[in-house]
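Here is how the chains run, residue by residue.
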Amino acid sequence: MNKLRALFHPIIIFVGVQIAWIILMAVWINWYIKNSRKFQEFAQKFRPDLFADEFNWLILLEGCFLMLIILAGVYMIFVYWNKQANLNRLQSNFVSSVSHELKSPLASIQLYLETMKYQEVSKTDREDFVETMLTDTERLSGLIENILASSKFEPGRMQLQVQPVEMEEFIREVAEGLKRQFEERKCQVNLELEPGLALLLDKRAMRMVFNNLIRNTLRYSPIGAPLTIRMRKGKKYCEIDFIDQGIGLEKKDQKKIFKKFYRVQNPDTQNIEGAGLGLFISKEIIRNHKGQIRVASEGRGKGSTFTVALPLGKLKNPGSPSEQGVR
Amino acid sequence: MGQSKKILVVEDETHLAKGLKFNLEREGYEVTVAGDGEAALEQLKDREFDLVILDLMLPKMGGIEVAKKIRETNIRFPILMLSAKSTEQDRAAGLAVGADDYLAKPFHLPELLLRVKGILRRWEWYKQPVQDQETFRFGDKWINFGTGKAKGCAGEFYLTAKEALVMKLLIQKKGNVVTREELLEKVWGYDPETETRTVDNFIARLRKYFEKKPQKPSYILTVREKGYQFEPEPSE
């Protein structure tokens, strides 16, 4: 039964159609060349005006053209089938990754709630459990935000609410919000931030970008590996580097990781959580801020540096929040 | 009961690992946590444990790989798999590599603790030697319950963990009837998804290994409407 199903696989059918088409084309040319003379002689007996004396290339080419159209049709069907199959595969991977991503923090929350229900828990432990659960709810809400945001990034759909943001303060605030995660991963964070830089940003969207980048660093680095966040002012851009000592990236993956649902496939990372959305969303948000995001890594095991470059622009009224749509 | 039993929790989610450790320690177990598959195997090499609670999605080496490695050297060591994957196929894959039980996340704490207790109880029972020695002989056949190795009609082979458990129970009560319910309780721990028919399938498999004529068994006998009985010295 499986063999029969494999026989009807679209790729097999596509190859079959190609072979059939080549054979048909060869037969057609061969038949026409062999028989055109006889055909002409036969026709001349009845309608001599229909045929010229010389070999009629037009009919041969018409036949070839018709067959080419059939081939193009089959090719188009195959291309679209292939795209659909890829989308189905990505969607299925996505559902599987997301369900895992949702279940892990949920399992943790349920475990702590039931612990408090069924066990006698001291005040210190209770406070610790509540903090842990809050971190899990943040993780859940981060994932839900990512899923919702990923559906918005179609051309022309993103609306940013920009305001002047004091960058040093903002990055410190983001890092402070992830303090517990840093502690759990025993990660030393070094902040090297140039003071006095203010940019026009959608603060909520940019927080999502920084959170995604920092969480990725924590996921893909061994426990105890440090993280450096460095911000410097360039000519046109403010560049923020996230430098980690994690598992790094091979050259071939460095561009692909920003694609929607893409996840690096290798034994080291196959069991690391993730939905393949964080970097895609980050890239879209940065692009909508007219900025750039890139990654540099010397290869597997050598860490990586994610750089976010945001345009410096001109602040009309620094200090007073203004709402403006950037597209 | 349950005092000083050693449990290895293999879980990369630090929150879950911490919560599991807290609860299991409250139940009187000694708990060690490993954050990835390789660390788990290191721990198992260095120390003795009574149970491993194993997450499926682990960095470096996945739970399935870890379970396979454990089974390479120990046929019966208790493994409770914990995973966010909850489909029938995931569960079957977990049990196929030799997990004793499979619990999908999110799980209920009392259920987890009951399953841990059940597995440890079965492990205690399994560890009791048959006739003061690990190898039990009947006719020209034998079973080593320590390694799971056996000699049947077709030569030497390895029993799976559950096959070994069924044989052990039948042999421990040789000459007496073992009901299907007892087999279910001791071997499968009354997993709600196990049917009594599963026991019959296992018996059919074991007869193929040890009986010359599986249709007319002489060692593993059926006692109508009751269960099964092991006869070490058949009259034939």
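Residues numbered from 1 in each chain as written. Chains lettered and ligands numbered in written order. Predicted model: local features only at pLDDT ≥ 70, side-chain atom pairs only at ≥ 80, totals over all residues.

Help me understand the overall build of chain B in this model?
Regarding its fold elements, chain B presents 8 helices and 12 strands. Within chain B, the fraction of its 236 residues that count as buried is 39%. Of the contacts formed within chain B by residues at least 6 apart in sequence, a portion of 54% connects residues at least 24 apart. (Helix = DSSP H or I, 4+ residues; strand = E, 2+ residues; numbered from the N terminus. Buried ≥ 20, exposed ≤ 12 C-beta atoms within 10 Å, placed from the backbone. Contact = placed C-beta atoms within 7 Å.)

Explain the sheet that holds strand β2 (residues 30-34) of chain B here, please?
Hydrogen bonds between backbone atoms are what pair the strands of a sheet, whose relative direction is either parallel or antiparallel. Residue and element names in this part refer to chain B. In space, the 5 strands of this open sheet follow the order β2-β1-β3-β4-β5, with parallel pairing throughout. The sheet is open, and its two edges are formed by β2 and β5 (101-104), each paired on a single side. Each adjacent strand pair in this sheet contributes to an overall mean axis angle of 20°, direction not counted. As judged from the 4 bridges shared by strand β4 (residues 79-83) and β5, these two strands associate in the parallel manner. Pairing of L82 across the sheet is with L103, part of β5. (Pairing = 2+ DSSP bridges. Axes fitted to C-alpha atoms, helices over the stretch in contact; angles between N-to-C directions.)

How should I be thinking about the confidence of the model for chain A in this particular structure?
In low-pLDDT segments, the atomic positions of the prediction should not be examined closely. All names here are of chain A. Confidence in the prediction of chain A, expressed as mean pLDDT, is 80, and 86% of residues score 70 or more. No element of chain A has a lower mean pLDDT than helix α1 (residues 2-7), at 62, and none a higher one than strand β7 (residues 305-311), at 90. Across residues 316-327, confidence stays below pLDDT 50; counting only partners more than four residues off in sequence or on other chains, it has 18 contacts. (pLDDT = per-residue confidence, 0-100.)

Just checking my understanding: could you explain helix α7 (residues 203-219) of chain A for this structure?
For an α-helix the count is 3.6 residues per turn, leaving residues at separations of three or four pointing the same way. Residues and elements named next belong to chain A. If you check α7, its first and last C-alpha atoms are 24 Å apart, about what 17 residues at 1.5 Å a residue would give, namely 24 Å. In terms of burial, α7 is largely enclosed, as 12 of its 17 residues are buried. Turning to α7, its buried residues are A205, M206, R207, M208, V209, F210, N211, N212, L213, I214, N216 and T217. (Expected span 1.5 Å × (residues − 1).)

What should I look at first to understand the interface of chain A and chain B in this one?
By a widely used convention, the size of an interface equals the accessible area lost when the partners come together. If you look at the interface, chain A gives 19 residues, while chain B gives 19 residues. Elements represented by at least two residues in the side of chain A that touches chain B include exactly α3 (57-118) and α4 (123-152) of chain A. When residues of the side of chain A that touches chain B are assigned to their parent elements, the largest contribution, 13 residues, is made by α3 of chain A. Of the residues in the side of chain A that touches chain B, the class split is 6 nonpolar, 9 polar and 4 charged. (Nonpolar A, V, L, I, M, F, W, Y, C, P; charged D, E, K, R; others polar.)

Explain the packing of α7 of chain A against helix α9 (residues 278-288) of chain A to me, please; I cannot follow it from the model alone.
Packed helix pairs are specified by the crossing angle of their axes together with the interaxial distance, meaning the distance between the axes. Residues and elements named next belong to chain A. Two numbers describe how α7 lies on α9: the axes approach to 9 Å, and their chain directions differ by 145°. The handedness of the crossing between α7 and α9 comes out as left-handed. Contact residues: α7 offers A205, M206, M208, V209, N212, L213 and N216, while α9 offers G278, L279, I281, S282, I285 and I286. Each residue belonging to the contact of α7 with α9 can be placed in one class, and the counts come to 9 nonpolar, 4 polar and no charged. (Left-handed = near helix turned anticlockwise from the far one by under 90°.)

I keep staring at the sheet that holds strand β5 (residues 237-244) of chain A and nothing clicks. Help me out?
All names here are of chain A. Strand order in the open sheet formed by 5 strands is β2-β4-β5-β7-β6, and the pairing between neighbours is mixed. In this open sheet, the two edge strands, each paired with only one partner strand, are β2 (189-193) and β6 (292-296). Averaged over all pairs of adjacent strands, the angle between their axes in this sheet comes to 15°, without regard to strand direction. Summarising the sheet, strand β4 (residues 227-233) and β5 pair through 7 bridges and their orientation is antiparallel. If you follow M231 over to β5, its bridge partner there is I240. Strand contacts of helix α5 (residues 167-177): β2, β4 and β5, with the helix running at about 170° to β2, the strand carrying the most contacts.

Honestly, the nonpolar core in this entry has me stumped. Any pointers?
A general trend in soluble globular proteins is that nonpolar side chains are found buried together. Counting 41 residues, the largest nonpolar core has V10, I53, L54 and L80 of chain B as the members making the most contacts within it. Each residue touching L80 of chain B, except ones within four places of it in the same chain, is listed here: L51, I53, L54, D100, D101, L103, R115, V116 and I119 of chain B. Grouped together as the second largest cluster of nonpolar side chains are 37 residues, L201, A205, A275 and F306 of chain A included. (Core = buried A, V, L, I, M, F, W, Y, C linked by C-beta atoms within 7 Å.)

When you look at unusual backbone geometry in this model, what are you seeing that I'm missing?
If a residue is not glycine, its phi is most likely negative; likewise, a peptide bond is most likely trans. Cis rather than trans, the peptide bond between K105 of chain B and P106 of chain B has omega equal to -5°. For P106 of chain B, the location among the structural elements is in the loop between β5 and α5 (109-127). Phi at K186 of chain A takes a positive value of approximately 50°, unusual for a residue other than glycine. Inspection of the secondary structure assignment puts K186 of chain A in the loop between α6 (179-184) and β2. K186 of chain A gets classed as exposed once you count the C-beta atoms within 10 Å, which come to 11. One non-glycine residue, E225 of chain B, lies in positive phi territory at about 65°.

Could you clarify how one ought to interpret the environment of R263 of chain A in this entry?
All names here are of chain A. Examined against the element boundaries, R263 turns out to sit in the loop between α8 (253-256) and α9. You can call R263 buried: it has 21 C-beta atoms within 10 Å. Linking R263 and F94, residues 169 residues apart in sequence, is a C-alpha distance of 9.8 Å. Once residues lying within four places of it in the same chain are set aside, the contact partners of R263 are G274 and G276.

Sorry if this is basic, but what is going on with the environment of I119 of chain B here?
Take I119 of chain B: it is sitting in helix α5. The exposure class of I119 of chain B is buried, given the 21 C-beta atoms found within 10 Å.

Quick question: what am I supposed to make of the pairing of strand β6 (residues 135-138) of chain B here?
Strand residues, when the strand is regular, have side chains that alternate between the two faces of the sheet. All names here are of chain B. Sheet topology places β6 next to strand β7 (residues 141-144); 4 bridges connect them, and they run antiparallel. Residue F138 lies in a different strand from β7, and its bridge partner there is K141. Count of turn residues in the β6/β7 antiparallel hairpin: 2 residues, of which G139 carries a positive phi of about 60°.

Can you help me understand the packing of helix α6 (residues 161-172) of chain B against helix α8 (residues 196-210) of chain B in this one?
Residues and elements named next belong to chain B. At a closest axis distance of 11 Å, the pairing of α6 and α8 adopts a crossing angle of 85°. Accordingly, the angle class assigned to the pair α6 and α8 is roughly perpendicular. In this structure, α6 uses K162, E163, V166 and M167 to contact α8, whose residues at the interface are F202, R205 and L206. Looking at side-chain class alone, the contact of α6 with α8 contains 4 nonpolar, no polar and 3 charged residues. (Parallel < 35°, antiparallel > 145°, perpendicular 65-115°, else oblique.)

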